[in-house]
Amino acid sequence: MSGSMKKMSVRDLDVTGKRVFVRVDFNVPLDGGRVADDTRIRASLPTLQWILRKQGFPILASHLGRPKGTPNPAYTLAPVAERLRALLGSPVRFVPDCVGEEAEQASRTLVEGEALLLENLRFHAGEEKNDPRFAEKLARLADAYVNDAFGSVHRAHASVAAICTHFHPATAGLLMEREIDYLGGLLGSPARPYVAILGGAKVADKVELVKNLLPRVDAMLIGGAMAYTFLSARGVDVGTSRVEKVSLPTAAGILDAAASAGVRIHLPIDHRAAASLENPGEGEIVPGEAIPEGRMGLDIGPKTCAAFAREIATAGTVLWNGPVGLFEHPPFHLGSLAVAEAVVSSKALSVAGGGDTAAALASFSLAEKFSHVSTGGGASLEFLSGLTLPGVAALTDRS
Ligand code: AMP
């Protein structure tokens, strides 16, 4: 990240009697017209309650799915309005278009304690195009701006980027603030030893992350499918495990760079393997580094779990991005479970990022025991990769 990490916050605003545009992440899964998982709605409540307590009028905006610039009832936020009413315990007005006369009228006639939810931002093509005219129409709805949609800050879209030119300050919501504090801390001066655990499917997706972390961490524990590209780059036989041939030189370069920087890299020293991804069965333990012909590694084995746990036990800070095995298919979740348990029983400050990692932690009921689980998949990856996120850059720096 370039520039200051400290952003102006909703807590710096005097919201009393003001209409406050709040960009939230209500991109929730729907099932038969009902909200199937309300985690993201719940995550927005602290900011909304803060504004309501100060007698401000929250005007909520979000995208949902990919309607590609035209109204589509399959992506309406109406079911979210219903769930939000129940969660907030206060009235939530809903308007069928996020800009225009009806929305403006509604924004001016809210009564104390009431919130307004706007229809899907992506029903207008201007949202994803970061169109300044669309942003100006949104800005007409409010006197102040708060962005609490961390999951959307890596996209230069009108409601997170262009709109900010209309508000001074453009502020971070409470959830956004927490994300920037925790993730920013991982790039600042985290307590040592600093251990990064990386997994997931694709090396190519994580190259920037690894490069940004290498000069900062003391140890890097690599599992998941990506570990096989690294093992292969070291000349180890990995059977039919997933190897990204194009990433082999990159992986070799990373291993060399780690060696010269004195970073301890741990790759799997044993595995839980199967015949194929389609038919993983119960799997069997491959006791060494090399995997026999015709078998594919789908999880780290018990010796690797123990080696990872030893590094984690003494860590001051742990960052975890990406499951270390095919966690959706038991017993290939056991490696990720062992890692999660090692983290929560350590004294380390613990931060998890990435949608799959969050899902794995939720399935183990261990998410609450982490210091912070990021709500942004792509956004947290880009943040930790050191990229500038348009929706964070657009917020006003704290001087
Ligand atoms: P990513 O989105 O890159 O973080 O990848 C996460 C996905 O990688 C999850 O669906 C995991 O089940 C999967 N995964 C983890 N380890 C392996 C493995 N050894 N082989 C194949 N897929 C894996």
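The structure we're discussing is the one just above.
This report concerns the structure included in the present document. It should be emphasised that the depicted structure is a prediction, and the values quoted were computed from it without experimental measurement. (Residues numbered from 1 in each chain as written. Predicted model: local features only at pLDDT ≥ 70, side-chain atom pairs only at ≥ 80, totals over all residues. Heavy atoms only, no water.)

**Observations concerning the nonpolar core**
Moving on, step 1. Ranked by internal contacts, the top residues of the largest apolar core, which has 73 residues, are Leu118, Tyr145, Ile163, Leu213, Met220 and Phe230.
Moving on, step 2. There are two domains that each give this core at least three residues, and those are domain 1 (3-176) and domain 2 (190-384).
Moving on, step 3. The residues contacting Ile163, other than those within four sequence positions of it, are Phe21, Ala135, Leu138, Ala139, Tyr145 and Ala158. (Core = buried A, V, L, I, M, F, W, Y, C linked by side-chain atoms within 4.5 Å. Buried < 20%, exposed > 50% of the residue type's maximum accessible area, 1.4 Å probe, protein only. Domains from an automatic or database assignment. Contact = heavy atoms within 4.5 Å.)

**Section: the site of the ligand**
Moving on, step 1. In the neighbourhood of the ligand, 14 residues make up the surrounding shell, with Ala201, Gly297, Gly325, Glu328 and Asp356 lying closest.
Moving on, step 2. Contact distances for the ligand include 2.9 Å between an oxygen atom and a backbone N or O atom of Ala201.
Moving on, step 3. Protein coverage of the free-state accessible area of the ligand, which is 510 Å², stands at 83%.
Moving on, step 4. When atom positions are compared with the pocket grids, the ligand is found to occupy the second largest pocket.
Moving on, step 5. Within the shell around the ligand, the residues separate by chemical class into six nonpolar, four polar and four charged. (Near = heavy atom within 4 Å. Polar contact = N/O pair within 3.5 Å; in protein donor to acceptor, adjacent residues only side chain to side chain. Areas by Shrake-Rupley, 256 points an atom, 1.4 Å probe, with all protein chains shown as cover. 1 Å grid on protein atoms, 1.4 Å probe; cavity = no way out; pocket = protein on both sides within 12 Å on 5 of 7 lines; lining within 4 Å. Sits in = over half its atoms within 2 Å of the grid points. Nonpolar A, V, L, I, M, F, W, Y, C, P; charged D, E, K, R; others polar.)

**Concerning helix H8 (residues 226-233)**
Moving on, step 1. Counting buried positions along H8 yields six of eight residues, so the element is predominantly enclosed.
Moving on, step 2. Where H8 is concerned, the buried positions are Met226, Ala227, Tyr228, Thr229, Phe230 and Leu231.
Moving on, step 3. Count one or two residues on from H8 and you reach Gly235, which has phi positive near 85°. (Helix = DSSP H or I, 4+ residues; strand = E, 2+ residues; numbered from the N terminus.)

**What to know about the packing of aromatic side chains**
Here a ring pair, both rings aromatic, is described through the centre-centre distance and the interplanar angle of the planes.
Moving on, step 1. Taken as a whole and assessed by the stated rule, the structure comprises four aromatic pairs.
Moving on, step 2. A centroid spacing of 5.8 Å and a plane angle of 15° characterise the contact between Phe21 and Tyr145, whose relative ring orientation is stacked. Here Tyr145 lies in strand S7 (residues 144-147) and Phe21 lies in strand S1 (residues 19-23), a separation of 124 residues in the sequence. Grouping residues by exposure puts Phe21 and Tyr145 together as buried.
Moving on, step 3. Taking 6.4 Å as the distance between ring centres and 35° as the angle between the ring planes, the aromatic pair formed by Trp320 and Phe370 counts as tilted. With a gap of 50 residues between them, Trp320 in strand S15 (residues 317-321) and Phe370 in the loop between helix H12 (355-363) and strand S17 (372-373) connect regions that are remote in the sequence. Here Trp320 matches Phe370 in class, with each residue buried.
Moving on, step 4. An aromatic cluster is defined as three or more aromatic residues linked by ring pairs; in this entry it consists of Phe21, Tyr145 and Phe167. (Phe/Tyr/Trp six-rings, centres within 6.5 Å; stacked < 30°, edge-to-face > 60°.)

**Things to note about the environment of His124**
Moving on, step 1. On the secondary structure map, His124 appears in the loop between strand S6 (115-118) and helix H4 (125-128).
Moving on, step 2. Take His124: its relative accessible area is 24%, and that puts it in the partly exposed class.
Moving on, step 3. Sequence separation between His124 and Lys68 is 56 residues, and the spatial gap between their C-alpha atoms is 7.8 Å.
Moving on, step 4. Residue contacts for His124: discarding those within four places in its chain leaves Gly69, Asp97, Cys98, Val99 and Phe134.
Moving on, step 5. A distance of 2.7 Å separates polar atoms of two side chains, one belonging to His124 and the other to Asp97.

**Focus: the state of the cysteines**
Moving on, step 1. Counting across every chain of the model gives zero disulfides.
Moving on, step 2. Counting only cysteine sulfurs, Cys164 is the nearest neighbor of Cys98, a cysteine outside any disulfide, at a range of 16 Å.
Moving on, step 3. Classification of Cys98 as buried rests on a relative accessible area of 1%. (Disulfide = S-S within 2.5 Å.)

**Some points on empty space enclosed by the protein**
Moving on, step 1. All told, the structure shown has two cavities of 30 Å³ or more when counted by the stated rule.
Moving on, step 2. Reported here for the largest cavity is a volume of approximately 70 Å³.
Moving on, step 3. Lining the largest cavity are Val24, Asp25, Phe26, Arg40, Ala43, Ser44, Asp148, Ala149, Phe150, Gly151, Leu175 and Thr375.
Moving on, step 4. It is helix H1 (residues 39-53) that contributes the most residues to the lining of the largest cavity, three residues altogether.
Moving on, step 5. Here the lining of the largest cavity is composed, by residue class, of six nonpolar, three polar and three charged.
Moving on, step 6. Here the second largest cavity defines a volume of roughly 30 Å³.
Moving on, step 7. Around the second largest cavity, the lining residues are Arg23, His63, Arg122, Ser152, Arg155, His157 and Val160. (Points joined across faces, edges and corners; volume = space filled by probe spheres on them.)

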